[in-house]
Amino acid sequence: MLNEMFKVAIRNIFAQKLRSFLVALGVAIGVVAVAGMITAAISLQGELKRSFSSLGPETFTVMRISPMNFMQGRRMRRMRKLWRRERLKLSYLEPLKKGCESCEKITPMVKYYRYASYGKKKITSVPIVGASPDFNGLGEYKLWIGRFITQFEVDRKRHVCVIGPSTAKELFGDSDPIGRRIKVAGIPFTVVGITEPLGKVFGQDKDNIIIVPVTTALHHWWGFWGITFIVKAKSGKLEQAKDEVVAVLRRLRHLKPAEENDFDIFTSDLMLKFFTSILAMVYAVGIGIALISLVVAGIGIMNVMFVAVSERTKEIGIRKACGATPKLIKLQFTIEAAVLAFLGGLLGLAFLSILIKFIAGKLPFQVSLNPKVVVFGLLFSFATGVLFGYFPARRASQLNPVDALRWE
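Residues numbered from 1 in each chain as written. Predicted model: local features only at pLDDT ≥ 70, side-chain atom pairs only at ≥ 80, totals over all residues. Heavy atoms only, no water.

K.L.:
Describe the state of the cysteines, with residues and values.
P.N.:
Applying the stated rule across the entire model yields one disulfide. One disulfide in the model links C100 with C103; its S-S distance is 1.8 Å. Between C100 and C103 the sulfur-sulfur dihedral comes to about 65 degrees; the bridge is accordingly right-handed. In terms of burial, C100 and C103 fall into one category: buried. (Disulfide = S-S within 2.5 Å. Buried < 20%, exposed > 50% of the residue type's maximum accessible area, 1.4 Å probe, protein only.)

Written as structure tokens, this is what we have:
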């Protein structure tokens, strides 16, 4: 019986092609809005996880001012106090290593943006990272070809560097860069290694980088932020490592027990949670707005079905005269509304899929249509048809068969 009802529904929908298409188009727009917002949210959250999980679960960063301070709406007086903080120093490294028994590795890091050149080839605004040998594999960057900088080179402020694959491609093409000399802000450095490819995150090429000894970087360039320390804790001892690092730094910076820390401990999980909460609020509002378009489409379905009931009043009377119960009449018209909305959902998801393929390469993050979103979109459109088709179907089921047969 249901199979026959679906066939009748399809036949009636295609009997009024233009009207059915316009109603389905309204549903399609709503599905595109809702499914598009959900797809964007899922893709952005996935990109954030990939971006902030690069340091690993047992790793944290000690810095002068954490980015979180700029994202939590601090008061102006509080911000002025933050800017007056003393920069962290390279001399803190050895006391930190000795005082943090729960720490597996600690590496200092400074970052600048300078130009790099080789012969006539030049790259502008390349991230220049000053680091120690422990930087290799501690964060996202790992040695791929050649060797990494050594402690001897750090102690002697040697002019050597490890470059990213994109930097090597830009400056040397397909040639082997190992052993060649490039210039960073006019200062010559010998290339000793290449890092593993990482790709892009939010449009930023992570493979465009130059790593030099931290002492060499500090000797040539001055940075407002000062030293940042990347700390990897021993397995299962993240909180102990944080406490030990804080204790050592408070002693080194001569802080009294009542004074708050004049440095920040930053973890990728903290940033991820913050951005996820912001995304949740933004997309809740976005999906709410998108749902309004589906409600409007549902009202369109309701109006069309009321018109269909009026046009097919005599047909309803004949069916009732032949023994069709009000329940079957109601089910027939509800199925027609649901099928119409379902076809609109299919149309919307097809358009969204084409749209994603068209813009995927132009976005700064990876985006794809999740199968769960497809199922959700189809079920949601079907449910919209059932909900808004119920009232016209109920009206059709309540028609008096005698009056319906007399309808012209």
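K.L.:
Any chance you could break down the pattern of salt bridges for me, citing the residues and the numbers?
P.N.:
Within the structure shown, the criterion is met by eight salt bridges. Residues E153 and R147 are paired through a salt bridge, measuring 2.6 Å at the closest nitrogen-oxygen approach. On the accessibility criterion, E153 (8% relative accessible area) is buried. By relative accessible area, which is 35% here, R147 ends up partly exposed. Its salt-bridge partner being D262, residue R253 comes within 2.7 Å of it at the nearest N-O pair. Under the relative-accessibility criterion, R253 is labelled buried at 7%. Residue class for D262 comes out buried when judged on its relative accessible area of 17%. (Salt bridge = Lys/Arg side-chain N within 4 Å of Asp/Glu carboxyl O.)

K.L.:
Give me the confidence of the model for the protein chain: which residues, what numbers.
P.N.:
Averaged over all residues, the pLDDT of the protein chain is 82; the fraction at 70 or higher stands at 84%. Per-residue pLDDT, averaged within each element of the protein chain, yields its smallest value for helix 13 (residues 401–405) (58) and its largest for strand 5 (residues 160–163) (96). (pLDDT = per-residue confidence, 0-100. Helix = DSSP H or I, 4+ residues; strand = E, 2+ residues; numbered from the N terminus.)

K.L.:
Break down helix 12 (residues 371–397) for me, with residues and values.
P.N.:
The end-to-end C-alpha distance of helix 12 is 37 Å, a good match for the 39 Å that 27 residues give at a rise of 1.5 Å each. Along its length, helix 12 reaches its greatest deviation from straightness, about 40 degrees, at Y390, and the proline P392 lies no more than four positions downstream. Of the residues making up helix 12, those classed as buried are V373, G377, L378, S381, T384, G385, F388, G389, P392, A393, A396 and S397. (Expected span 1.5 Å × (residues − 1). Bend = angle between axes of the 7 residues up to and from the residue.)

K.L.:
Kindly report on the nonpolar core, identifying the contributing residues and their values.
P.N.:
Residues V62, I163, I182, I210, F229 and V245 are the most contacted members of the largest nonpolar core, which totals 44 residues. I38, I329, L340 and L352 belong to the second-largest nonpolar core, a separate cluster that totals 32 residues. (Core = buried A, V, L, I, M, F, W, Y, C linked by side-chain atoms within 4.5 Å.)

K.L.:
Pulling in residues and values, what's your account of unusual backbone geometry?
P.N.:
A positive phi angle, near 55 degrees, is found at K157, a position not held by glycine. Topologically, K157 is positioned in the loop between helix 5 (151–155) and strand 5. For K157, a relative accessible area of 42% gives the class partly exposed.

K.L.:
Explain the packing of helix 10 (residues 313–321) against helix 11 (residues 326–359) to me, using residue names and the numbers behind them.
P.N.:
Where helix 10 contacts helix 11, the two axes come as close as 10 Å, and the packing angle between them is 140 degrees. The angle between the axes of helix 10 and helix 11 places the two elements in the oblique class. Note that helix 10 runs across helix 11; the crossing there is right-handed. Residue-level contacts link I316, R319 and K320 of helix 10 to I329, Q332 and F333 of helix 11. Grouping the amino acids of the contact of helix 10 with helix 11 by side-chain chemistry returns three nonpolar, one polar and two charged. (Axes fitted to C-alpha atoms, helices over the stretch in contact; angles between N-to-C directions. Parallel < 35°, antiparallel > 145°, perpendicular 65-115°, else oblique. Left-handed = near helix turned anticlockwise from the far one by under 90°. Contact = heavy atoms within 4.5 Å. Nonpolar A, V, L, I, M, F, W, Y, C, P; charged D, E, K, R; others polar.)

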